[in-house]
Amino acid sequence: MNNRIDGRAFDELRPMKITTDFVKFAEGSCLIECGDTKVLCCASVEDKAPPHVPEGTGWVTAEYSMLPRANRERSKRDVAKLKLSPRSAEIQRLIGRSLRAAVDMTKLGERTITIDCDVLQGDGGTRTASVTGGFVALSLALEKLVRDGVLSEMPIKTCVAAVSAGIVDDRPLLDLCYAEDSRAQVDLNCVVTGEGELVEIQGTGEGRPFTVEEQQTLVELCWKGIREIQAIQRAALGG
């Protein structure tokens with residue numbers, strides 16, 4: 001029996017829409033909407049690399065934040081707290097790691113691309129939406145560098161996308177909305193390349209421990225969803 005709050009099947013994604021070139025000045029941008037979650041992703045290019053990367057190579061990094069009224073109640077801005085929240089720091093590191101998996105840093109050259117992911121409205125899955133939308137914004141910025149003659153070829157070596165799955169009331173479900181995520185017994189986020197290789201799995205027993213078999217079930221759900229998401233990414237990028 002299907003009793004999900006929004007009527008979806010257990011293995012069905014929320015409706016997803018990616019609107020490219022959403023803002024005027026960023027080298028690449030998009031608004032990604034996953035159900036009621038909306039994240040603005042903007043890519044900015046800087047013509048220098050951080051000191052920790054090898055000479056002649058570049059870097060891709062990310063910043064993540066939730067606007068004060070992205071949630072049901074107003075949250076304070078990180079700047080008002082004089083430090084980045086531990087949650088925001090963890091998520092932006094995940095986004096950065098995921099996007100770097102898609103780029104050949106030697107072909108990028110000595111430049112840095114920063115992906116800003118700002119949650120306009122949060123209803124579950126903001127980190128996975130940020131990875132998925134962040135890749136689109138990154139790709140658009142790199143396409144612009146190639147068009148402008150700054151790069152001789154695209155440094156993209158694969159695509160990356162992400163989605164969540166979880167166990168709610170002992171049922172495995174794909175792409176949890178907030179009402180499901182808030183009472184999930186198990187929560188898992190998955191980042192996957194275009195070749196189906198895993199970049200990262202974040203699995204947590206929120207309400208109870210889970211088995212290896214249950215983890216595999218959730219990963220397979222995510223893999224199915226990510227194949228659909230990658231098709232949406234390709235369409236947004238005109239591919």
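Our subject is the structure listed above.
Given the structure is predicted, the values throughout are model-derived calculations rather than measurements. (Residues numbered from 1 in each chain as written. Predicted model: local features only at pLDDT ≥ 70, side-chain atom pairs only at ≥ 80, totals over all residues. Heavy atoms only, no water.)

**A short note on unusual backbone geometry**
Phase 1: With a phi close to 55°, aspartate 169 is a non-glycine residue in the positive phi region.
Phase 2: Secondary-structure assignment places aspartate 169 in the loop between strand E6 (160-168) and strand E7 (171-174).
Phase 3: For aspartate 175, which is not a glycine, the phi torsion comes out positive at approximately 60°.
Phase 4: Judged by its relative accessible area of 5%, aspartate 175 is buried. (Helix = DSSP H or I, 4+ residues; strand = E, 2+ residues; numbered from the N terminus. Buried < 20%, exposed > 50% of the residue type's maximum accessible area, 1.4 Å probe, protein only.)

**Overview of helix H6 (residues 212-236)**
Phase 1: Between its terminal C-alpha atoms H6 stretches 35 Å, which fits the 36 Å expected from 25 residues at 1.5 Å a residue.
Phase 2: Residues of H6 that are buried include every one of Leu218, Val219, Leu221, Cys222, Gly225, Ile226, Ile229, Gln230, Gln233 and Ala236, and no others.
Phase 3: Packed against the buried residues of H6 are strand E1 (16-20), helix H4 (126-147), E6, E7, strand E8 (186-193) and strand E9 (198-205). (Expected span 1.5 Å × (residues − 1). Contact = heavy atoms within 4.5 Å.)

**What to know about the pattern of salt bridges**
Phase 1: Counted according to the given criterion, the structure contains 16 salt bridges.
Phase 2: Aspartate 47 is paired through a salt bridge with arginine 111; the nearest N and O atoms lie 3.7 Å apart. Remark: arginine 111 occurs in the loop between helix H3 (105-108) and strand E5 (112-121) and aspartate 47 occurs in the loop between strand E3 (37-46) and strand E4 (59-66); sequence separation between them is 64 residues.
Phase 3: Relative accessible area serves as the criterion here: at 63%, aspartate 47 is assigned to the exposed category.
Phase 4: Residue arginine 111 is classed as buried on the basis of its relative accessible area of 14%. (Salt bridge = Lys/Arg side-chain N within 4 Å of Asp/Glu carboxyl O.)

**Side note on the sheet that holds E7**
Phase 1: Taking strand neighbours across the sheet as the criterion, the 4 strands line up as E7-E6-E8-E9 in an open arrangement whose pairing is antiparallel. Strand pairing shows two members of the sheet lacking a second neighbour, E7 and E9, which therefore form its edges. Each strand of the sheet is rotated relative to its neighbour by a mean of 15°, with strand direction disregarded.
Phase 2: As defined by bridge partners, E6 adjoins E7 across 4 bridges and the pair is classed as antiparallel. When the bridges of E7 are listed, alanine 165 appears paired with leucine 174.
Phase 3: Along the sheet, helix H2 (residues 86-100) makes contact with E6, E8 and E9, crossing E9 at roughly 150°. (Pairing = 2+ DSSP bridges. Axes fitted to C-alpha atoms, helices over the stretch in contact; angles between N-to-C directions.)

**Overview of the side chain of threonine 37**
Phase 1: Locating threonine 37 in the fold gives a position in strand E3.
Phase 2: Among the polar contacts listed, one links the side chain of threonine 37 to the backbone oxygen of glycine 124, at a separation of 2.7 Å.
Phase 3: The contact partners of threonine 37, leaving out residues within four places of it in the chain, are Arg14, Ile32, Gln121, Gly122, Asp123, Gly124, Gly125, Thr126 and Ala129. (Polar contact = N/O pair within 3.5 Å; in protein donor to acceptor, adjacent residues only side chain to side chain.)

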